[in-house]
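A closer look at the structure
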Amino acid sequence: MSSYLTLQVVALTQETPDTVTIHLERPDGQPVVSQPGQFLTLLVPCGPAGARPERRAYSLSSTPAEAPRLSVTVKRVLGGLVSNYLLDNVKVGQTYEVLPPLGNFVVKPSPGAARSLVLIGAGSGITPLMSMLKAVLAQEPRSHVLLIYGNRNENTVIFKQQLAALEASSSGRLQVEYVYSQPLGAVGAHQHTGRLNRTTLLRILEHRHQFPAPQAEYYICGPEGLMTEAQAALELLNVPATRIRRESFVAAADAAEAGDQHGDALAGPDDGTVKTRSVKVQYEGSDYVFEVPPSKTILDAALDLDIDLPYSCQAGLCTACRGKCLSGKVHLDEREGLSDAELAKGYVLTCVAHPLTADVVIEIG
Ligand SMILES: Cc1cc2nc3c(=O)[nH]c(=O)nc-3n(C[C@H](O)[C@H](O)[C@H](O)COP(=O)(O)OP(=O)(O)OC[C@H]3O[C@@H](n4cnc5c(N)ncnc54)[C@H](O)[C@@H]3O)c2cc1C
Ligand code: FES
């Protein structure tokens, strides 16, 4: 799990003025196993000398068929530490340490499948969807993909040319509906003006009589507002929750304050309180026992002691730090990355976890 890879930047593609695709390969040219929709964790040494490198998750916009190349597409975030550093400093020939591809927001293409995928994304949320749609179009000749893609205007569309080329060569198997909140010019066919909210989504989805098929699978990736709106639209269309998959890049603004509503793993009515407690973490054959003060998460406390536990986003979104709570109770500040089924089985995310009882044992791996 903690086996870091070193990847070299072999090419760069400027997608929009504030978005670049970084193409990476192992220096020995060996492929790295990945699935469409997974992300890489880049370790970026952008802090002061001697500081631990910053880690950020970036979804793969490439597909496994493009191996040995792995591509990530980074959009500049206003005031953001790593995205700005990468946009301003990345160069062909540099090397970066990364964690191997991770994540469960994936499609598994199967040549015999004949399915409908509806991909809903906005801004940089296109990246995992791009990987998925390329893989499905290439490997599932009888499947159809509808992409609903929101952007501020025509100039901020990431992968604009690639999408146009894929759509043109797909014999109708890929259809893209663009939604612009502030279009620069008059909008044409398959272009919509306004916010990518539930009204727009319902208008697009309800006006398609043949497609999406009733059994469509829905994948959503974008800012929190889009997630909420898409979820609401799909509920109104009676799409079962089991056919909806979602990935967030940013924790909800109120996640930390709303902790108690986000759930306590293995919680019952007699929960303890968040105070300094000892926990045991079992990882790669070792037992680590350490104290977690209330101001720290279990992951933070471990990293302070140089215990090299796995992690990426540190925001409860990506599951890189996932472990199973074997005993005791744990409070999670954020649970976006875990399904209800995972929570019920006792899975926790150490980056947002605080021990609530004295007997917490977490197994990672
Ligand atoms: C599973 C996963 C996959 C991801 N894939 C991609 C990807 O393919 N492409 C990509 O560009 N980013 C992606 N991200 C987001 C990425 O990891 C970083 O969070 C992002 O680049 C910002 O990092 P930063 O250091 O520049 O900003 P920070 O210094 O960490 O944050 C600065 C401020 O910006 C806010 N912020 C952070 N991210 C965003 C965002 N995406 N939009 C708006 N505000 C934000 C923060 O809440 C904070 O207030 C992904 C995140 C996750 C969890
Ligand atoms: S490090 Fe991403 S969920 Fe914990």
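Residues numbered from 1 in each chain as written. Chains lettered and ligands numbered in written order. Predicted model: local features only at pLDDT ≥ 70, side-chain atom pairs only at ≥ 80, totals over all residues. Heavy atoms only, no water.

1. Points about the domain arrangement of the protein chain
Stated formally: In this document the domain limits rely on a domain assignment from an automatic tool or a database. Throughout, a contact is declared for two residues whenever any of their heavy atoms are within 4.5 Å. The term buried area refers to how much accessible surface (probe radius 1.4 Å) is lost by two components on association, counted for both of them together. By convention in these notes, a salt bridge is any Lys or Arg side-chain nitrogen within 4 Å of a carboxyl oxygen on Asp or Glu. Polar contacts, as used here, are pairs of N or O atoms within 3.5 Å; protein pairs need one atom able to donate a hydrogen and one able to accept it. Residues neighboring in sequence count only if both atoms are side-chain atoms. Here a strand is any run of E in DSSP of at least two residues, a helix any run of H or I of at least four, and the numbering for each starts at the N terminus. The classification used treats Ala, Val, Leu, Ile, Met, Phe, Trp, Tyr, Cys and Pro as nonpolar, Asp, Glu, Lys and Arg as charged, and all other residues, Gly among them, as polar.
Taken domain by domain, the protein chain comprises domain 1 (5-102), domain 2 (116-247) and domain 3 (259-364). The distance between the C-alpha centroids of domain 1 and domain 3 comes to 28 Å. The interface is formed by eight residues belonging to domain 1 together with eight residues belonging to domain 3. Summed over both partners, the interface of domain 1 with domain 3 buries about 640 Å², with 48% contributed by carbon and sulfur atoms. The tally of links between domain 1 and domain 3 comes to zero salt bridges. On inspection of domain 1 and its partner domain 3, the count reaches three residue pairs in polar contact (both at pLDDT 80 or more). If you list the elements that add at least two residues to the side of domain 1 that touches domain 3, you get strand S3 (39-44), strand S4 (54-59) and strand S6 (95-102). Counting residues per element, the side of domain 1 that touches domain 3 draws most heavily on S4, at three residues. When its residues are assigned to classes, the side of domain 1 that touches domain 3 shows four nonpolar, one polar and three charged.

2. A few points about the pairing of S3
Where we set the bar: Only protein chains enter the accessibility calculation, which uses a 1.4 Å probe; a residue whose area is less than 20% of its type maximum is buried, one above 50% is exposed, and one in between is partly exposed. By definition, two strands form a pair when at least two bridges between them are found by DSSP.
Burial of S3 is extensive: six of the six residues sit out of reach of the surface. Burial along S3 is two-sided: Phe 39, Thr 41 and Leu 43 facing one way and Leu 40, Leu 42 and Val 44 facing the other are all buried. Where S3 and S6 come together, four bridges link them in antiparallel fashion. Paired with Leu 42 across the strands is Val 98, a residue of S6.

3. Notes on the nonpolar core
Stated formally: Nonpolar core, defined: a set of buried Ala, Val, Leu, Ile, Met, Phe, Trp, Tyr and Cys residues in which side-chain atoms within 4.5 Å join the residues together.
Of all hydrophobic cores here, the largest spans 28 residues; its most connected members are Val 281, Phe 290, Ile 298, Leu 309, Val 330 and Leu 332. Elements with a minimum of two residues in this core: strand S14 (277-283), strand S15 (286-292), helix H7 (298-304), strand S17 (330-332), strand S18 (347-349) and strand S20 (360-364). Per-element tally for this core: the top contributor is H7, with five residues. Once you skip the residues sitting within four places of it in the chain, Val 281 turns out to touch Ser 286, Asp 287, Tyr 288, Phe 290, Ile 298, Leu 309, Ile 362 and Ile 364.

4. Some remarks on the pattern of salt bridges
Per the counting criterion, the structure on display carries 13 salt bridges. In this structure, Arg 69 engages Glu 25 in a salt bridge whose closest nitrogen and oxygen atoms are separated by 3.6 Å. Taken as a pair, Arg 69 in the loop between S4 and strand S5 (70-75) and Glu 25 in strand S2 (residues 19-25) lie far apart in primary sequence, 44 residues in all. By relative accessible area, which is 29% here, Arg 69 ends up partly exposed. Across the pair Glu 54 and Arg 56 runs a salt bridge, and its minimum N-O distance is 3.2 Å. What makes Glu 54 partly exposed here is its relative accessible area of 26%.

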